[in-house]
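Letter by letter, the chains look like this.
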Amino acid sequence: MRYVIITGGVLSGIGKGTIASSICYLLKNSGLKVTALKIDPYLNYDAGTMNPYQHGEVFVLDDGSEVDLDLGNYERYLDKSLTGDNNLTTGKIYKEVIERERRGEYLGNTVQIIPHITNEIKRRIKKVAASDDLDVVVIEVGGTVGDIESMPFLEAVRQLRREEFGKVLVGHVTLIPSVGSNEELKTKPTQHSVKTLREIGIQPDIILGRSPRKLDAESRRRIALFTDVPEESVISVHDVSNVYLIPEIMEKQGVVRIIKKSLGIESGPFTDIWGEYRKNIMNPRAEVTIAVVGKYTELHDAYFSHKEAFTHVAGETGINTKLRWIDSDSLSVDPSPLEGVQGILIPGGFGYRGVEGKIIATKKSREEKIPFLGICLGFQISVIEYARNVLGLKKANSSEFDSSTPDPVIDILPEQKAVKDLGGTMRLGSKRVRIFDNTLAMGLYKSPEIFERHRHRYEVNPLYKDRLEKAGMVFSGVDNEGTRMEIAELPDRDNFIASQYHSEFKSRPLNPSKLHLHLVKKALEYKEMQKEALLKTER
Ligand code: GLN
């Protein structure tokens, strides 16, 4: 087994995850068997209870783990589904060690960070390495070198490198800013951050320098001189117009060759499977505008997988999606931000704030036949809107938002009633969805069953199912038992669909979410119609 460990220096948020994911892509498409492990040094057990405002979207894996959104990137770059073991947090490590201590497994010894915590970290790393038939594990250590939280992980990396001599490569991602009127590239922050890394006993093998423009020979020489990294192993990861170009610029500088040489592994040549895909994204043939109506719209990372799914659609169809971020709260006062869009997406969410605005957007879509996609909360909203405005149950609501509503068309899942803890207790992960014949959903999936990822506590109240259906709503997908509604459609609409599951989580570069794909195709048709209508009025 070989390990590629990516650490970060200077600043967080400079693209360490993208660089590590790109390395995964490069190694995998050179014929190696690769997996990824993301280390998040925070104390939370997992990302499940984290506020999307602070931390971006909570990503969900097949096994129901709620993880950092970077795991989504690894899945997409590797085109492989990961598990909760592929995300390590301080919370998981300490919980395990403390539980073991309570069981008396440390035989009376003092339990310490070194060796007990570091041993547990290494055990978890090796568990991932042994979980599959693998050649390389790419490990991203979150945070920046010098942070208190990441210390035990870096110490474990130091030990691992000693124990697995010659089989561990450390790549350090740093920032190389350009300053002054002559925009000189500054290598000093890199020198300092490598110094900090060395203080904890880790000498990096390669430096991945994030810079606004390509590193010049002089900067590379200086970095090599101060860090003892060979010049050819100082890699320029400069700004590019599209993140999907990053693997290519790294590969051109010989990253794969350097990694393989250093780790003593051989493989075939690298094949860039994203060639056509990337071309479509960068030179789209058409564009549509889709409104994303949510309450976390200031932080677009809260909807990261949706953004990715639209990119995947662009890669397949050549239709670029411009997202118009609309704060759902504002729609109750002024619905004009919805004017001129060719599609509406209502993504997942929790809590009442912004819900009425989402209902306004859904009503507009239904009445004006604007292409619509509702996901999770968006699915529930489409049911509430239908109940209120078509069935005439004026006060219909979800019991999540109004515990005394006379018509709880969305109600808590029966098994959720007894749940007290918030972390990891929703209906989570991959579940079978059965799809009925002669529905839009069947047309899109072309299969009577699919497996999709879930994250919710509420569902369509079965007591209202018949009435909703009589009024026209079509539940074209249900759960394995047939009692839980999974997909909703409208009878006379081929451009309105909503799902209880999160189709964005399994969207991949060469296999986009069917629902996002459909929304974009229908949005383009709608755009043509808008154009024709305009021409007619002008005539
Ligand atoms: N709040 C809703 C529920 O818990 C929807 C959840 C979601 O959109 N992820 O069922």
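Residues numbered from 1 in each chain as written. Predicted model: local features only at pLDDT ≥ 70, side-chain atom pairs only at ≥ 80, totals over all residues. Heavy atoms only, no water.

1. Considerations on the packing of aromatic side chains
Phase 1: Taken as a whole and assessed by the stated rule, the structure comprises 12 aromatic pairs.
Phase 2: The ring of Tyr45 has Lys92 sitting right over it, with the charged end atom 5.9 Å from the ring centre. (Phe/Tyr/Trp six-rings, centres within 6.5 Å; stacked < 30°, edge-to-face > 60°. Lys NZ or Arg CZ within 6 Å of the ring centre and 35° of its normal.)

2. Points about the site of the ligand
Phase 1: Near the ligand, the surroundings consist of Gly348, Gly349, Phe350, Cys376, Leu377, Gln380, Glu400, Arg455, His456, Arg457, Tyr458 and His502.
Phase 2: The separation between a nitrogen atom of the ligand and a polar side-chain atom of Glu400 is 2.7 Å.
Phase 3: The contact in question runs from a nitrogen atom of the ligand to an N or O atom on the backbone of Arg455, over 2.9 Å.
Phase 4: Burial of the ligand by the protein chains amounts to 99% of its free accessible area of 300 Å².
Phase 5: Counting residues per element, the ones that place at least two in the shell around the ligand are helix H15 (377-389) and strand E19 (449-456).
Phase 6: Here the shell around the ligand is composed, by residue class, of four nonpolar, five polar and three charged. (Near = heavy atom within 4 Å. Polar contact = N/O pair within 3.5 Å; in protein donor to acceptor, adjacent residues only side chain to side chain. Areas by Shrake-Rupley, 256 points an atom, 1.4 Å probe, with all protein chains shown as cover. Helix = DSSP H or I, 4+ residues; strand = E, 2+ residues; numbered from the N terminus. Nonpolar A, V, L, I, M, F, W, Y, C, P; charged D, E, K, R; others polar.)

3. A look at the packing of helix H1 (residues 16-28) against helix H3 (residues 70-78)
Phase 1: As a packed pair, H1 and H3 sit with axes 8 Å apart at the nearest point and diverge in direction by 25°. When the interaxial angle is binned, H1 and H3 end up roughly parallel. The handedness of the crossing between H1 and H3 is right-handed. Across the interface between the two elements, Gly17, Thr18, Ala20, Ser21, Ser22, Cys24, Tyr25 and Lys28 of H1 pack against Asn73, Tyr74, Tyr77 and Leu78 of H3. (Axes fitted to C-alpha atoms, helices over the stretch in contact; angles between N-to-C directions. Parallel < 35°, antiparallel > 145°, perpendicular 65-115°, else oblique. Left-handed = near helix turned anticlockwise from the far one by under 90°. Contact = heavy atoms within 4.5 Å.)

4. Observations regarding unusual backbone geometry
Phase 1: For the bond running from Ile114 to Pro115, omega is 10°, close enough to zero to count as cis.
Phase 2: For Pro115, the location among the structural elements is in helix H5 (residues 113-130).
Phase 3: One non-glycine residue, Val10, adopts positive backbone phi at about 70°.
Phase 4: When its relative accessible area of 34% is taken as the criterion, Val10 is described as partly exposed.
Phase 5: Located in the positive-phi region is Asp79, a residue other than glycine, with phi close to 50°.
Phase 6: With respect to the helices and strands, the residue Asp79 is situated in the loop between H3 and strand E5 (87-89). (Buried < 20%, exposed > 50% of the residue type's maximum accessible area, 1.4 Å probe, protein only.)

5. Brief notes about the sheet that holds strand E16 (residues 397-398)
Phase 1: In space, the three strands of this open sheet follow the order E16-E17-E20, with mixed pairing throughout. Looking at which strands have only one partner, the edges of the open sheet turn out to be E16 and strand E20 (458-460).
Phase 2: For strand E17 (residues 408-412) and E20, the ladder comprises three bridges, and the chain directions are antiparallel. Looking at the pairing, Ile410 lines up with Val460 of E20.
Phase 3: Against the sheet, H15 engages E16, E17 and E20, with an angle of about 150° to E17. (Pairing = 2+ DSSP bridges.)

6. Considering the pairing of E17
Phase 1: Where E16 and E17 come together, two bridges link them in parallel fashion. What sits directly across from Asn397, in E17, is Pro408.

7. Quick look at the sheet that holds strand E10 (residues 206-211)
Phase 1: The seven strands are arranged E5-E2-E6-E1-E7-E10-E11 in an open sheet whose pairing can be described as parallel. Each having just a single partner strand, E5 and strand E11 (234-238) make up the two edges of the open sheet. Here the average twist between neighbouring strands, direction ignored, is 20°.
Phase 2: Here strand E1 (residues 2-8) runs beside strand E7 (residues 168-175); their pairing, made up of six bridges, is parallel. What sits directly across from Thr7, in E7, is His172.
Phase 3: Running at roughly 70° to E5, helix H4 (residues 90-102) makes contact with strand E2 (34-40) and E5 of the sheet.

8. Some points on H3
Phase 1: Summarising burial for H3: nine of the nine residues are buried, a large majority.
Phase 2: Along H3, the residues that are buried comprise Asp70, Leu71, Gly72, Asn73, Tyr74, Glu75, Arg76, Tyr77 and Leu78.

9. What to know about the packing of H4 against H5
Phase 1: Packing of H4 against H5 leaves a shortest axis separation of 10 Å and a crossing angle of 115°. The two elements H4 and H5 meet at a crossing, and its hand is right-handed. Contacts between H4 and H5 involve Lys92, Ile93, Tyr94, Glu96, Val97 and Arg100 from the former and Ile113, His116, Ile117, Glu120, Ile121, Arg123 and Arg124 from the latter.
Phase 2: Counted by class, the contact of H4 with H5 contains six nonpolar, one polar and six charged residues.

10. Some remarks on the nonpolar core
For soluble globular proteins, the rule of thumb is that nonpolar side chains tend to be buried together.
Phase 1: In this structure, Val4, Ile23, Leu27, Val138, Leu208 and Met250 are the most contacted members of the largest nonpolar core, which totals 45 residues.
Phase 2: Ranked by the residues each element gives to this core, the list is headed by H1, at seven residues.
Phase 3: Among all residues touching Met250, those that are not within four sequence positions of it are Ile19, Ser22, Ile23, Leu26, Leu208, Ile235, Val237 and Val255. (Core = buried A, V, L, I, M, F, W, Y, C linked by side-chain atoms within 4.5 Å.)

11. Some words on the pattern of salt bridges
Phase 1: This model, assessed by the stated rule, comprises 50 salt bridges.
Phase 2: Between Arg100 and Glu120 there is a salt bridge, and its shortest N-O distance comes to 2.9 Å. Of the two residues, Arg100 sits in helix H4 while Glu120 sits in helix H5, which places them 20 residues apart along the sequence.
Phase 3: Judged by its relative accessible area of 16%, Arg100 falls in the buried class.
Phase 4: Taking relative accessible area as the criterion, Glu120 reaches 1% and is therefore assigned buried. (Salt bridge = Lys/Arg side-chain N within 4 Å of Asp/Glu carboxyl O.)

12. Points about H4
Quick reminder: α-helices carry 3.6 residues per turn. Residues three or four places apart thus point the same way.
Phase 1: Along its 13 residues, H4 runs 18 Å from first to last C-alpha, staying within 8% of the 18 Å computed at 1.5 Å per residue.
Phase 2: Every buried residue belonging to H4 is among Thr90, Gly91, Lys92, Ile93, Val97 and Arg100, and all of these are buried.
Phase 3: Buried positions along H4 lie against E2, E5, H5 and helix H6 (151-163).
Phase 4: Just downstream of H4, Gly104 is the residue with a positive phi angle, here 80°. (Expected span 1.5 Å × (residues − 1).)

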